[in-house]
Amino acid sequence: MTNWVYPLGTATDGIWDISIGTFDSALSVEGWAHTGLKVATLPAGAAVDLPAAGEERIVVPLSGSFTVTVDGTEYPLTGRPSVFSGPTDVLYSGAGRTVGITSADGGRVAVATAPAQASYPTRLVPAAETPVELRGAGNCSRQVHNFGTPAALEADRFIVCEVLTPAGNWSSYPPHKHDEEKDGETSLEEIYYFETQVAAGSAAPAEADAIGYQRVYASDERPIDVSAEVRTGDVVLVPYGWHGPAMAAPGYDLYYLNVMAGPGPVREWLISDDPHHGWVRQTWESQNIDPRLPFGA
């Protein structure tokens, strides 16, 4: 069976801590065709370059500040101390353009990718203009940064966002799927890149091990069964099937970067809930949003 879980250190390629599904990736995943992700930890003054290719890209600072150069034009990204500090500036490069990334003080940066036919204009999305959504309620409350969704960004194929979930809460819930082109659903493969931290105000000891969990299971005859323990730098791929919950263990906050794209004619995130669990959405109407949100307030 194809491996869908990549703990930190298992998908490296030179300077890249993670290099999955992209044009110049050393890691080729059978059955994976529509999305890619690269993550690099750059020392102060270091740089990394991506040659022009038939893919669109969005550069997401995870920690630290960066300067991104697209076909010779520089774009400063203020960045953030960590993914739990709130939104960040991001840069959409369009397709067929060279991209260079450097950091004066060092930091960690992600590049989401998707093969693209059409090229749209390069666009800087400042943190202040990032649509922030508080989704769910009660212990299903989470925070979504929708900088790369169809409503926020003109692009060819991919849909990119990031989700922050307070300690003890369930995200990506109820379990849902987007693995068919049909009325009310689009076919999208999906990448989850995770980071974790000890929750603010916690009395955790120095040896605390911040963890979360991710579940993926079959929605039809195609086999998939993932119950993964995740930490900072881990990746879970969702080619198809029901996925969720993504669980923030008590005491530990959970972050994930989502990259989605598929073969269908419409760039839209349309999902079907697992009919066993979709009823949970109705319970949110009588609950409040978790008061720990938003992160970075």
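Residues numbered from 1 in each chain as written. Predicted model: local features only at pLDDT ≥ 70, side-chain atom pairs only at ≥ 80, totals over all residues. Heavy atoms only, no water.

### Considering the pairing of strand 20 (residues 242-248)
Residues in a regular strand point their side chains to alternate faces of the sheet. Burial analysis of strand 20 places six of its seven residues in the buried class, the great majority of the element. For strand 17 (residues 212-217) and strand 20, the ladder comprises five bridges, and the chain directions are antiparallel. Paired with Gly212 across the two strands is Ala248, which belongs to strand 20. (Buried < 20%, exposed > 50% of the residue type's maximum accessible area, 1.4 Å probe, protein only. Helix = DSSP H or I, 4+ residues; strand = E, 2+ residues; numbered from the N terminus. Pairing = 2+ DSSP bridges.)

### Some details on the nonpolar core
Core analysis: the largest hydrophobic core is formed by 53 residues, its most contacted members being Leu37, Ile58, Tyr193, Val235 and Leu237. With six residues, strand 21 (residues 252-261) is the largest single contributor of residues to this core. Residues Trp16, Leu77, Leu91 and Ile101 belong to the second largest nonpolar core, which totals 16 residues. (Core = buried A, V, L, I, M, F, W, Y, C linked by side-chain atoms within 4.5 Å.)

### Remarks on the packing of aromatic side chains
According to the stated counting rule, one finds nine aromatic pairs in the structure shown. Note on Tyr192 and Phe194: the rings are 5.8 Å apart at their centroids and 20° apart in plane angle, and the pair reads as stacked. Classification of Tyr192 by relative accessible area gives buried; the value is 1%. Take Phe194: its relative accessible area is 0%, and that puts it in the buried class. Ring-pair connections join several aromatic residues into one group, and the members of that group are Trp4, Trp32 and Tyr240. Sitting over the ring of Trp242, Lys177 keeps its end group 5.8 Å from the ring centre. (Phe/Tyr/Trp six-rings, centres within 6.5 Å; stacked < 30°, edge-to-face > 60°. Lys NZ or Arg CZ within 6 Å of the ring centre and 35° of its normal.)

### Quick look at the sheet that holds strand 13 (residues 159-165)
Remark on secondary structure: sheet strands pair via backbone hydrogen bonds, oriented parallel or antiparallel. The strand order 1-19-16-21-13-12-11 describes an open sheet built from seven strands, whose pairing is antiparallel. The sheet terminates laterally at strand 1 (5-6) and strand 11 (132-135), the two strands that pair on one side only. Summarising the sheet, strand 13 and strand 21 pair through seven bridges and their orientation is antiparallel. Bridging from a neighbouring strand, Thr165 pairs with Leu254 of strand 21.

### Examining the pattern of salt bridges
Pairs may arise between side chains of opposite charge once their charged atoms sit close together. Counted by the stated rule, this structure contains 16 salt bridges. With a closest N to O distance of 2.9 Å, Arg108 and Glu195 form a salt bridge. Highlighted residues: Arg108 in strand 9 (residues 107-115) and Glu195 in strand 16 (residues 189-198), separated in sequence by 87 residues. In this structure, the salt-bridge partner of Arg222 is Asp179, at a minimum N-O distance of 3.4 Å. Taken together, the residues span a long stretch of sequence, with Arg222 in the loop between strand 17 and strand 18 (225-230) and Asp179 in the loop between strand 15 (176-177) and strand 16 at a distance of 43 residues. According to the relative accessible area criterion, Arg222 is partly exposed, its value standing at 27%. Linked through salt bridges whose partners overlap, the residues forming this network are Lys177, Asp179, Glu180, Lys182, Glu185, Asp220 and Arg222. (Salt bridge = Lys/Arg side-chain N within 4 Å of Asp/Glu carboxyl O.)

### Section: the layout of surface pockets
One water molecule sets the probe size; rolling that probe over the atoms shows where empty space is left. What the largest pocket holds in volume is close to 260 Å³. Forming the walls of the largest pocket are 21 residues, and the residues nearest its centre are Arg135, Cys161, His176, Asn258 and Trp269. Taken together, the elements giving at least two residues each to the lining of the largest pocket come down to strand 12 (142-148), strand 13, strand 16 and strand 21. When its residues are assigned to classes, the lining of the largest pocket shows 11 nonpolar, six polar and four charged. (1 Å grid on protein atoms, 1.4 Å probe; cavity = no way out; pocket = protein on both sides within 12 Å on 5 of 7 lines; lining within 4 Å. Points joined across faces, edges and corners; volume = space filled by probe spheres on them. Nonpolar A, V, L, I, M, F, W, Y, C, P; charged D, E, K, R; others polar.)

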